[in-house]
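# Commentary on secondary and tertiary structure
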Amino acid sequence: MTGEIGQLALCLALALALVQAGAGLWGARADTGAALDLSRQVARMSAFGFFAFIALAFGALTFGFVTSDFSILTVAENSHTLKPLIYKISGVWGNHEGSMLLWVLVLAIYSALMAIAVRGGARLTSAALGVEGLLAAAFVLFILFTSDPFRRLDPMPFQGAGLNPLLQDPGLAMHPPMLYLGYVGLSATFAYAAAALITQETGSHWARAARPFMLVAWIALTLGITLGSWWAYYVLGWGGFWFWDPVENAALMPWLVATALIHSTLATERTGAFRSWTLLLAIAAFSLSLVGTFLVRSGVLASVHSFANDPERGEYILVLLGLAIGGALALFAWRAPGIEEGTSFEPASRETLLLLNNVFLTAAAATVFLGTLYPLLLDALTGTRISVGPPYFAVTFAPIFIALLLLVPFGPRLAWRKGDLLGSLKLLAPGAGLALLAAIVIFAIQAPHAVAAAGAFALAGWLIGASVVDFRERWKSRAIGVQSFASVLAHAGLGVTLLGIAGTTLWRSEALDVLAPGQSLQVAAYQLRFDGVAPREGPNYFADRATLDVMRNGRQIATITPEKRSYPAEGQAITDTSIRTNGFSDLYVALGDDRGGGRWTVRAYFNPLAPFIWFGGAIMALGGLASLWGRLRPNALRAAPAE
Amino acid sequence: MMRPAILAAFLVLFAQASLAQTRPDALADPKLEARAVELQKELRCLVCQGQSLDTSDAPLAADLRHFIRVRIAHGETDDQIKQELVARYGDVILMEPPLDPQTYLLWFGPFLVLILCGSVVAVVVARARNRSRHQN
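Residues numbered from 1 in each chain as written. Chains lettered and ligands numbered in written order. Predicted model: local features only at pLDDT ≥ 70, side-chain atom pairs only at ≥ 80, totals over all residues. Heavy atoms only, no water.

### Side note on the pattern of salt bridges
The full count for this structure, using the stated rule, is 20 salt bridges over all chains. Close ionic contact of B:R133 with A:E346 constitutes a salt bridge, the shortest N to O distance being 2.4 Å. Taken together, the residues B:R133 in helix α5 (residues 104–135) and A:E346 in the loop between α11 (311–335) and α12 (350–382) connect one chain to another. Using a relative accessible area of 48% as the deciding quantity, one classes B:R133 as partly exposed. Note on A:E346: relative accessible area 9%, which makes it buried. Here B:R71 and B:E84 are joined by a salt bridge, their closest N and O atoms 2.3 Å apart. Of this pair, B:R71 sits in helix α3 (residues 59–73) while B:E84 sits in helix α4 (residues 78–89); the two residues are 13 residues apart in sequence, bridging distant segments of the chain. What makes B:R71 partly exposed here is its relative accessible area of 24%. (Salt bridge = Lys/Arg side-chain N within 4 Å of Asp/Glu carboxyl O. Helix = DSSP H or I, 4+ residues; strand = E, 2+ residues; numbered from the N terminus. Buried < 20%, exposed > 50% of the residue type's maximum accessible area, 1.4 Å probe, protein only.)

Okay, here's the thing in structure tokens:
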């Protein structure tokens with residue numbers, strides 16, 4: 001019964017999305033205030049209704065998973081009665097159908113929030129709700145036609161097939177909702193940008209209305225990418241944190257463009273500068289979200305993310321992609337000549353720095369785009385197969401991003417319109433001092449890979465030092481508020497992540513050996529004494545658990561227990577690494593193959609500064625949160641301009 | 001500024017960082033073994049997604065790691081070994097795509113975008129400055 005309720009709810013939601021689209025777009029063209037008001041109200045009510053029905057459908061599927069209702073195909077293929085409750089719930093989005101339903105649920109949440117938001121004026125809100133309604137309808141159609149999550153199975157199997165064990169992990173339970181909150185949040189920004197073009201209100205109104213949504217999306221993308229990277233680090237069993245895998249790149253591209261967008265919006269919102277460019281970025285950011293969805297969902301890429309390969313789905317998303325991007329770009333090309341651009345500023349000003357930020361971020365995003373799609377296109381067009389791996393990004397992405405990082409500290413120090421370059425250099429002297437100190441320390445202690453390490457540490461010192469200066473300057477000025485910490489935190493977070501990346505890549509130690517009980521393995525300053533492997537039984541898996549004593553200077557300081565787990569229901573085995581961290585460095589141990597006679601392969605890594613990678617991501621997200629907080633204060637809402 | 005306690009923590013950290021690596025199938029000469037490890041990082045595992053030969057657990061990757069060590073022991077250069085593998089498996093085995101007319105766009109595209117955007121920004125800034133000077 002729940003399956004049918006879910007399906008019916010989806011159909012009703014589709015009808016409401018179409019009403020929302022029609023009413024919203026009609027309102028944007030209404031002649032009288034009364035007609036505009038009426039259609040906007042209809043669009044708003046439809047948005048609330050859409051949310052209610054999608055929530056009902058999602059609830060129905062979740063109920064199916066929690067109660068192990070194997071008469072629903074999606075549940076039978078992806079769940080199992082013995083799975084712990086948390087993975088029954090996360091199993092809802094651990095498959096293609098359910099994850100598309102989650103996508104639409106997040107869209108419905110944003111749609112409802114847009115209906116509640118008071119900023120932007122009636123006509124703009126109406127048009128934005130209309131565009132969001134169109135997107136909602138397209139995605140619900142996609143679900144109903146190609147990815148029905150409620151398809152019945154007859155006869156109903158006695159037991160489910162289980163969930164990919166790699167996905168049975170707390171980090172991965174959180175990663176997709178977080179990433180979708182980011183991807184789909186950009187749809188709201190896209191809707192406001194399209195609405196601005198439709199209504200020709202391309203000034204700062206739309207930017208102010210869209211700003212909270214793009215901040216939420218950016219925070220969620222930052223956390224989603226951080227969580228994904230952390231998961232890859234501890235699950236894949238060899239201590240890497242970023243692989244330039246196409247699926248990771250699919251999330252990185254919208255993040256880079258969204259980062260450019262939240263910076264250029266600062267200018268648009270304040271002085272109405274860079275109007276067309278900000279609109280174009282808003283369109284590009286969501287377009288890249290769609291490209292990412294296409295790459296991940298169509299099965300073009302084989303990975304842990306592509307649950308099932310079905311060309312029909314790929315074609316549908318490709319058409320949707322073409323219509324959304326093509327339509328938005330056509331609208332832009334039509335309206336852009338009419339957009340007034342008349343700002344004036346000196347070369348040494350915050351405006352220039354924001355533009356430079358955008359140049360480098362756009363080039364960085366273009367690099368990731370080329371590196372991800374080029375091999376696919378080349379293969380499709382010529383049949384030549386190439387790999388684009390880390391060495392490519394090291395010589396393209398890295399220099400572009402390093403140039404950007406060098407400029408970051410100047411942005412907050414230069415005033416709008418006319419800044420003082422010499423004065424800002426003087427203010428930033430402590431940052432330069434910290435950078436120099438960091439480099440000297442690296443050389444003085446003769447750290448391995450000293451030149452690269454000194455460069456990375458100097459750059460991190462420059463960023464963190466400049467953030468301290470930023471904090472001091474903001475503290476001194478009277479207008480101190482939570483949002484003042486946005487750039488302080490976000491830019492310092494970049495420095496912290498950079499430290500982590502440099503430490504882990506340049507100074508990691510690695511050891512791999514076959515050990516018999518009693519033998520030991522040396523990694524960095526640690527000696528790992530292997531005590532053998534014992535079997536253990538988990539809720540839905542069997543594990544071989546190794547016990548290793550961690551010795552340092554002949555003294556035992558800890559015991560760690562990496563495992564190899566086999567999941568009989570899914571017929572798969574995974575390694576469960578054991579990581580001992582002190583917040584500065586990780587000792588990382590994974591259990592390899594059984595070599596017979598009690599001998600096992602053991603792989604150990606010492607990763608200096610690895611935790612900083614994820615600390616930095618969290619600090620950046622806090623920076624976004626500070627900016628959002630400042631915008632959601634009650635008086636900020638009241639200051640909303642009337643149409 | 002960096003406090004002494006943090007500085008001390010960093011010193012401890014660096015002191016631990018050595019670059020030792022042991023493997024059951026390692027070559028006896030550490031220099032040759034280092035070359036083998038470097039080489040297997042530049043080559044892609046063909047059966048698993050996105051991993052290098054260095055980190056892959058796949059049997060094919062283990063065979064290729066062994067192949068690399070045999071060839072190095074025979075005195076072949078890194079380039080010779082790579083060429084042999086490319087002849088057998090194609091360019092797809094190289095982590096770094098080759099530079100040829102088919103990949104010019106891939107290699108130069110990022111810098112093209114950078115130059116293009118940079119030029120546009122230069123024009124925009126010049127115009128904004130003219131307006132700014134005009135107003136004053």
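### Considering the confidence of the model for chain B
Residue and element names in this part refer to chain B. Mean pLDDT over chain B: 81, with 81% of residues reaching 70 or higher. A low-confidence stretch, residues 11–21 stays under pLDDT 50, and its non-local contacts, those more than four residues away or across chains, total 33 contacts. ipTM for the predicted complex: 0.87, alongside a pTM of 0.92. (pLDDT = per-residue confidence, 0-100. Contact = heavy atoms within 4.5 Å.)

### Some words on the confidence of the model for chain A
Averaged over every residue, the pLDDT of chain A is 89; the share at 70 or more is 95%. Confidence drops under pLDDT 50 across residues 635–643 of chain A; counting only partners more than four residues distant or on other chains, this segment forms 14 contacts.

### Looking at the side chain of A:S627
With respect to the helices and strands, A:S627 occurs in helix α20 (residues 610–631). A:S627 has contacts with A:R211, A:L215, A:Q483 and A:A486, leaving out every residue within four places of it along the chain.

### Side note on unusual backbone geometry
Residues and elements named next belong to chain A. Residue P155 follows D154 across a cis peptide bond; omega there is 0°. Even without glycine at this site, R417 takes up a positive phi of about 65°. Residue placement: R417 occurs in the loop between α15 (410–413) and α16 (421–427). The partly exposed category is assigned to R417, whose relative accessible area is 38%.

### Topic: a nonpolar patch on the surface
Residues and elements named next belong to chain A. A surface patch of nonpolar side chains, about 330 Å² in accessible area, is lined by F51, I109, L113 and I116. Here the nonpolar patch gets three residues from one element, more than from any other, and that element is helix α5 (residues 96–116). Mapped onto the elements, F51 comes out in helix α2 (residues 33–66). (Patch = residues over 30% accessible without salt bridge, like charges linked within 9 Å, V, L, I, M, F, W, Y side chains within 5 Å. Areas by Shrake-Rupley, 256 points an atom, 1.4 Å probe, with all protein chains shown as cover.)

### Some points on the environment of A:G3
All names here are of chain A. Mapped onto the fold, G3 is located in helix α1 (residues 2–28). Sequence spacing of G3 and L61 is 58 residues, and the spatial spacing of their C-alpha atoms is 7.1 Å. The contacts of G3, once residues within four sequence positions are left out, are I72, F150 and R152.

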